[in-house]
Amino acid sequence: MTSSRQPFSSPSLLAVIGTAALVLSSSNSTANAQGQPYDYTSEHVVARASAISKDFQSIGGFLAQQNGADRQNARALYQLGAYCQSFATLQLNTVLTEAIIQGATVTGTSESGATISGILHSDAFPGDATIEVMYLIPSDGITKICSVSGNPTPQYDQCFVTTGEITLPDGSTLGYTGYDLDNDTANGLSMQSMSSSISGAATQGYPRIGTFAAYYGTNKYADQFIQAAFDKVDTSLPNGNAEFTKFTQFGTNKFIDVATLTMSSWMHIIIKMQDAVEVCKSLPDGGKKVSEVPIWDNAVATYRGMGGAAGGTMGQLYHLANQYCAKFGTCQDGPGGTQGMAKANVKTYTHFNAGKRDLLDGKCDLAESSLDQAAVAMLIPLVQGLLYHAYELDLFKEQREVVQGEAAAFLHSVLPLVHSCSQGNAVMIYNQIKVGNGKMASFEAIKSSIEGQYECLGITCEDIGGVRDLSDPTTYQNRGFPCGAFNPGDTPSVGGGGDVIPDPAPIPVPAAPILVPTAPSPGQQPTPWPTQDEVPTSTPTDPPSSVYQLIEYDDATEDGVTYALAIGLPLLSVLAVAFVVFRTYMKKKDSGKEFDSGETDGASPDDETQDDLKVENLQGEML
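Keep in mind that this is a model prediction, so the values were computed, not measured. (Residues numbered from 1 in each chain as written. Predicted model: local features only at pLDDT ≥ 70, side-chain atom pairs only at ≥ 80, totals over all residues. Heavy atoms only, no water.)

A. Region of the structure containing the confidence of the model for the chain. Model confidence for the chain is summarised by a mean pLDDT of 76, while 68% of its residues fall at 70 or above. Below pLDDT 50 for its whole length, residues 307-314 participates in 20 contacts with residues either more than four positions away or in separate chains. Here residues 591-623 is a poorly scored stretch, pLDDT under 50, and it has 26 contacts once near neighbours within four places are set aside; other chains count. (pLDDT = per-residue confidence, 0-100. Contact = heavy atoms within 4.5 Å.)

Below, the structure written as structure tokens:
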């Protein structure tokens, strides 16, 4: 199913976040020391990426401990933050006589006696008695920043002294007293605020948040899912609910860990890019060229994440794409495309860079087109994650709660988009892998249902690839071929409730190239996601897909003939059989013979066969 995209609607209120006023150096696309072809290297982007990654990794680390105390630590970090945009609220000795703009650089003295730098977190005006100063990440790393708020082990060394002076850019000073490090230090960005940043009135006209809000019934869907998982309670939404009461902490912890990335961060990035486009549109004609685009840069930082400064592996969606390209053979290098950077990351950064260039040049519409294409590329690892964990649950019989929780997080990250293409297929996927149903998942049913929506979603079979056998990356797992390729030797899946299937044997990749739909050319727009008004109609009673059979649940004609045949023919067959059985019974009754006597009703032994033929003929006539 395809549909033409409606243009972005203008938001009801211009969304401009605080970082818009930051004065940043223009960060050009360049290769970094690790040889990655696309990267943003400005100090601000690197610092922000480090801070976001540290918060994400800290939440995941606490959840992995699987105990109540660390679960509460993870929740405090999720709600309050610890490292990203840490700022101090300082009570001034005298009120301001002049305004100080947001982003102005200031210096002060730390608890350890060192000079530390910060920037004004928000505008300050004459008459104000307080100012907010955001700490800058020191050169020796994110772990040295003043971090209090939701941090279970606060870092005070790089916080301002409780009583002291702040030096302004012009050299003047402002005295302050009574800075309470525990109560007057907060974070401008937390994972919860990231989840909620998509809920403001300013985003009402943004089409992608509209797709999710229309399905889940709220813009705050990500936070509601995550909070329900923390509380181990069921969600109460119009569609796509999760029954977390069916999970223990193992399933809910994994859901939270993945959903903060695939649900909160994913949409936050898209919203921030749209914010940057709206700022461009708001500038007067002739004055749209700018020297920096901090909101766009911050979106890239959130996508990118960092490894070195934050510790551990590289986080965020960038790392997620590299992780799943190795499982699906969609990386740039290595045997079977299982090593190196994900092709999805190459596409995403190509559009990030093009969008930034267009914003700097004041070409708002072209930047919005790059946003569209980046959003489609960012969808690729989410679909791969859904398919991979469905494969684990069904064919590997890896049905632990952690796997079910991870699968559910990917499910709820893509479900509204699938629903916008085909309601019936969305119902199929949801029922297969929703919370509590993971053990019943059928990989083929899920694969068939989502593959039929690739064109509508703007992705291709080549983008997604197939489930590789990592012991021999030149092969695919049994029934793990990409769409458009089929191996007749594949064993049908039992799905939920059947006999345990042994570990699937790898199938060699055919030497001939796999036929897949042609990928869009560099200048071609991706196939758009339809608006809510364009959604087709189907019902939760749509028939399930059989093995290897691609069923479009929404291909019914306007007069309902397809559904009438699908339901009516089996019903008429049953009635025909009942009629023949009843007639046979009446004949036996009339002849005084018992129905189960084993006799042939006084006729030849061929009479039963004749009755069978009558049923077949009646069915043939109906067809």
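B. Layout of the state of the cysteines. Applying the stated criterion to the full structure yields five disulfides. With a sulfur-sulfur separation of 2.0 Å, Cys280 is cross-linked through a disulfide to Cys364. Note on the Cys280 and Cys364 pair: the S-S dihedral is about -75°, so by sign convention the disulfide is left-handed. Of the two residues, Cys280 is situated in helix H6 (residues 249-282) and Cys364 in helix H10 (residues 364-394); the sequence distance between them amounts to 84 residues. Of the two residues, Cys280 and Cys364, neither departs from the other in class, the shared state being buried. The disulfide bridge from Cys325 ends at Cys331, spanning 1.8 Å between sulfur atoms. Disulfide Cys325 to Cys331: torsion about the S-S bond roughly 90°, handedness right-handed. The pair formed by Cys325 and Cys331 is uniform in burial state, with each residue classed as buried. Assigning the bonded cysteines of the chain consecutive numbers by sequence position, one obtains the connectivity 1-2, 3-6, 4-5, 7-8, 9-10. (Disulfide = S-S within 2.5 Å. Helix = DSSP H or I, 4+ residues; strand = E, 2+ residues; numbered from the N terminus. Buried < 20%, exposed > 50% of the residue type's maximum accessible area, 1.4 Å probe, protein only.)

C. Structural context of the packing of aromatic side chains. Tallied over the entire structure, the rule returns 19 aromatic pairs. Aromatic pair Phe212 and Tyr221: ring centres 5.2 Å apart, planes at 20°, arrangement stacked. Here the aromatic rings of Tyr391 and Phe396 are separated by 5.2 Å at their centres, their planes lie at 75°, and the arrangement is edge-to-face. Classification of Phe396 by relative accessible area gives partly exposed; the value is 26%. An aromatic cluster is built from Phe212, Tyr215, Tyr216, Tyr221, Phe225, Phe244, Phe255 and Trp266, whose rings are joined through pairwise contacts. The positively charged end of Arg304 is found above the aromatic ring belonging to Tyr318, 4.3 Å away from the centroid. Sitting over the ring of Tyr476, Arg468 keeps its end group 4.2 Å from the ring centre. (Phe/Tyr/Trp six-rings, centres within 6.5 Å; stacked < 30°, edge-to-face > 60°. Lys NZ or Arg CZ within 6 Å of the ring centre and 35° of its normal.)

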